[in-house]
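Fold and contact review
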Amino acid sequence: MEPRYVDNAIIEESYRAIDRLKAGLGNAHPLYYIETYGCQMNEHDSEKIAGMLESIGYRKAASKTEADIIIFNTCCIRDHAEKRTFGNVGFIKELKAQNPALITGVCGCMMQQREVAKRLSQRFPFVDMIFGTNELHVFPQLLEKVVNGGRVFEIRDTDGEIAEGLPVKRNEGFSTFVNIMYGCNNFCSYCIVPYVRGRERSRRAEDIVEEVRNVVREGFTEVTLLGQNVNSYNGGGVRFPELLRMVNEVEGLKRLRFMTSHPKDLSHELVMAMAECDKVCEHIHLPVQSGSNRILQLMNRRYTREHYLELVRDLRENVKGVEITTDIIVGFPTETEEDLEDTLSLVREVGYSAAYSFAYSVREGTKAAVMDGQIPEEVKKERLKRLNEVIAESVTGANDKYMGLEGEILVEGRDMRGEPMMFGKLPSLKMVYVKGDESMIGNYYKVRITGTRFNSLVGEIID
Ligand code: 5AD
Ligand code: SF4
């Protein structure tokens with residue numbers, strides 16, 4: 001099905017609202033502060049809000065206390081994220097008391113859950129604007145309402161459309177994100193994302209390539225293509241491996257990354273595209289979630305442990321030096337000791353370079369929330385601890401193979417702990433620390449690995 005695009009007339013109205021707000025500010029440059037929770041998708045959404053604010057004339061604040069507008073871009077993937085948001089929005093009350101002109105807004109995935117948004121709105125009447133993930137492109141119109149004295153509560157239950165052509169203020173650095181698709185159709189039984197981000201919709205391949213060209217022109221050399229499940233990208237018949245090959249051709253681009261990949265859709269064709277495209281980095285984030293076939297089935301993941309291990313074999317065989325990272329959930333309903341052992345043995349077998357581990361968190365409205373056999377919190381905690389020990393062993397063990405190897409890093413910054421060192425990532429996403437100074441930031445250097453740390457490496461520059 002072809003995705004729906006936001007009508008041009010609406011985007012044009014957004015630009016007119018930007019112009020009106022800008023005129024209203026005159027020569028003033030009030031300050032904005034955006035607090036972002038959750039994944040890269042949210043981070044990138046915040047860059048879009050920042051883009052619109054900067055077009056109006058706002059400038060970035062160094063802290064919340066000096067800001068004239070504060071926006072919380074929320075996440076609801078786990079319970080913890082929700083609690084933190086309520087706590088932090090509560091703190092704003094005092095700032096608002098000191099500065100009644102302060103504008104405050106809450107948006108993002110958590111607000112897409114209408115009940116939660118209502119609760120937040122009632123509990124914090126000083127919040128001026130509440131809006132969902134489908135309203136990003138009309139942010140200027142919503143802000144205009146608030147500036148004119150109104151309060152905004154704007155959440156649409158639609159499956160969302162694609163909005164093209166809005167300004168983006170990208171985070172500083174040399175690496176940036178480009179959306180290739182929105183939403184998710186997978187309905188993993190524990191996950192809230194399909195409910196808050198709507199159905200899958202892919203951007204046109206030519207729009208993506210154009211955006212990559214533009215960010216390269218702006219000075220970025222590394223791009224990460226973003227989607228909830230990039231392997232099911234389908235932009236008017238262009239599938240993901242072909243898209244990778246198209247983006248790989250963009251002149252001036254040095255490194256190409258993507259996330260996230262769903263194991264059920266990872267094709268051999270994609271593995272070969274990774275192997276053959278010189279700019280595609282030797283890294284894949286491939287969430288496994290569990291090593292037990294019984295749990296994988298209950299999670300509605302639609303692959304088996306054996307299939308997953310087969311993918312790992314295919315990747316290792318064809319993409320030289322590839323590193324694999326993952327997400328794992330423990331304490332899913334009915335999980336037994338044997339199921340956990342299956343997960344631990346899978347972690348040992350794969351040898352991840354990093355693994356993000358989570359205790360299962362009940363998300364209202366999902367299938368797993370009403371499953372029998374919910375696991376007590378203490379058991380989840382204890383299992384998470386055991387999983388983390390195995391991950392740590394596995395990650396540290398996998399570092400040794402780097403000793404003496406050569407590779408290229410993109411220097412990102414300076415580490416101030418202990419003896420100051422510069423740090424940057426290899427294509428495999430492994431962090432390497434080297435001696436040097438700030439003038440190296442943003443440049444690529446050949447290094448030889450001379451030592452290992454817990455989950456990073458130490459190296460020396462060889463040219
Ligand atoms: N509980 C715990 N972890 C979850 N994730 C998604 N939903 C839940 C949940 N209800 C984890 C998955 C996913 C990552 C982004 O967050 O591991 O890959
Ligand atoms: Fe959630 Fe599964 Fe979709 Fe990932 S693939 S966003 S875990 S439903």
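Here, the structure is the one placed above.
Residues numbered from 1 in each chain as written. Chains lettered and ligands numbered in written order. Predicted model: local features only at pLDDT ≥ 70, side-chain atom pairs only at ≥ 80, totals over all residues. Heavy atoms only, no water.

With that settled, the discussion passes to the packing of aromatic side chains. Under the definition given, this model contains nine aromatic pairs. For the ring pair Tyr 303 and Tyr 308, a centre distance of 6.2 Å and an interplane angle of 35° mean the geometry is tilted. Given the relative accessible area of 7%, Tyr 303 is considered buried. A relative accessible area of 0% places Tyr 308 in the buried class. Ring geometry for Phe 332 versus Tyr 360: centroids 5.5 Å apart, planes at 65°, classification edge-to-face. (Phe/Tyr/Trp six-rings, centres within 6.5 Å; stacked < 30°, edge-to-face > 60°. Buried < 20%, exposed > 50% of the residue type's maximum accessible area, 1.4 Å probe, protein only.)

Taken together, the five strands give a closed barrel; going around it, the order is β17-β18-β19-β21-β20, and neighbouring strands pair in mixed fashion. The sheet shows a mean angle of 55° between the axes of neighbouring strands, direction not considered. Both strand β19 (residues 431-434) and strand β21 (residues 457-461) contribute to a ladder of two bridges, which runs parallel. Across the sheet, the residue bridging to Tyr 433 is Val 458, located in β21. (Pairing = 2+ DSSP bridges. Helix = DSSP H or I, 4+ residues; strand = E, 2+ residues; numbered from the N terminus. Axes fitted to C-alpha atoms, helices over the stretch in contact; angles between N-to-C directions.)

Right, let's get into helix α1 (residues 8-25). Note on helix geometry: an α-helix contains 3.6 residues per turn, so any two residues three or four positions apart are oriented the same way. Relative to the 26 Å expected for 18 residues at 1.5 Å per residue, α1 spans 26 Å between its end C-alpha atoms, a close match to the ideal helical length. Just downstream of α1 lies Gly 26, where phi reads positive at about 60°. (Expected span 1.5 Å × (residues − 1).)

Bringing the pairing of strand β17 (residues 406-415) into the picture now. Pairing of β17 with strand β20 (residues 444-452), which is carried by five bridges, proceeds in the antiparallel orientation. Across the sheet, the residue bridging to Ile 409 is Tyr 445, located in β20. The pairing of β17 with strand β18 (residues 421-425) spans five bridges and is classified as antiparallel. Within β18, the position partnered with Gly 413 by the bridge is Phe 423. Where β17 hands over to β18, the hairpin turn is made up of five residues, of which Gly 418 adopts a positive phi near 60°.

Let us now look at the nonpolar core. Note that soluble globular proteins tend to have their nonpolar side chains buried in a common cluster. Formed by 56 residues in total, the largest nonpolar core has its most connected members in Val 212, Leu 225, Phe 240, Leu 243, Leu 244, Tyr 308 and Leu 315. Of all the elements, helix α7 (residues 205-218) adds the most residues to this core, at six residues. In this view, Leu 315 contacts Leu 266, Val 271, Met 274, Ile 284, Leu 286, Val 322 and Ile 324; residues no more than four positions away in its chain are not counted. Within the second largest apolar cluster, 27 residues are counted, among which are Ala 67, Phe 72, Met 111 and Phe 124. (Core = buried A, V, L, I, M, F, W, Y, C linked by side-chain atoms within 4.5 Å. Contact = heavy atoms within 4.5 Å.)

Looking at the element boundaries, Asp 278 is found in the loop between α9 (268-276) and β14 (283-285). Residues Asp 278 and Thr 326 lie 48 residues apart in sequence; the distance between their C-alpha atoms is 23 Å. Here the side chain of Asp 278 touches Asn 248 through a polar contact of 2.9 Å, side chain to side chain. (Polar contact = N/O pair within 3.5 Å; in protein donor to acceptor, adjacent residues only side chain to side chain.)

Attention shifts here to the packing of α9 against helix α11 (residues 305-318). At their nearest, the axes of α9 and α11 sit 9 Å apart, and the two run at 25° to each other. Here α9 lies roughly parallel to α11, going by the angle between them. Considering only the axes of α9 and α11, their crossing is right-handed. Mapping the contact onto sequence places His 268, Val 271, Met 272, Met 274 and Ala 275 in α9 and Asp 314, Leu 315 and Asn 318 in α11. Across the contact of α9 with α11, the residue classes tally to five nonpolar, two polar and one charged. (Parallel < 35°, antiparallel > 145°, perpendicular 65-115°, else oblique. Left-handed = near helix turned anticlockwise from the far one by under 90°. Nonpolar A, V, L, I, M, F, W, Y, C, P; charged D, E, K, R; others polar.)

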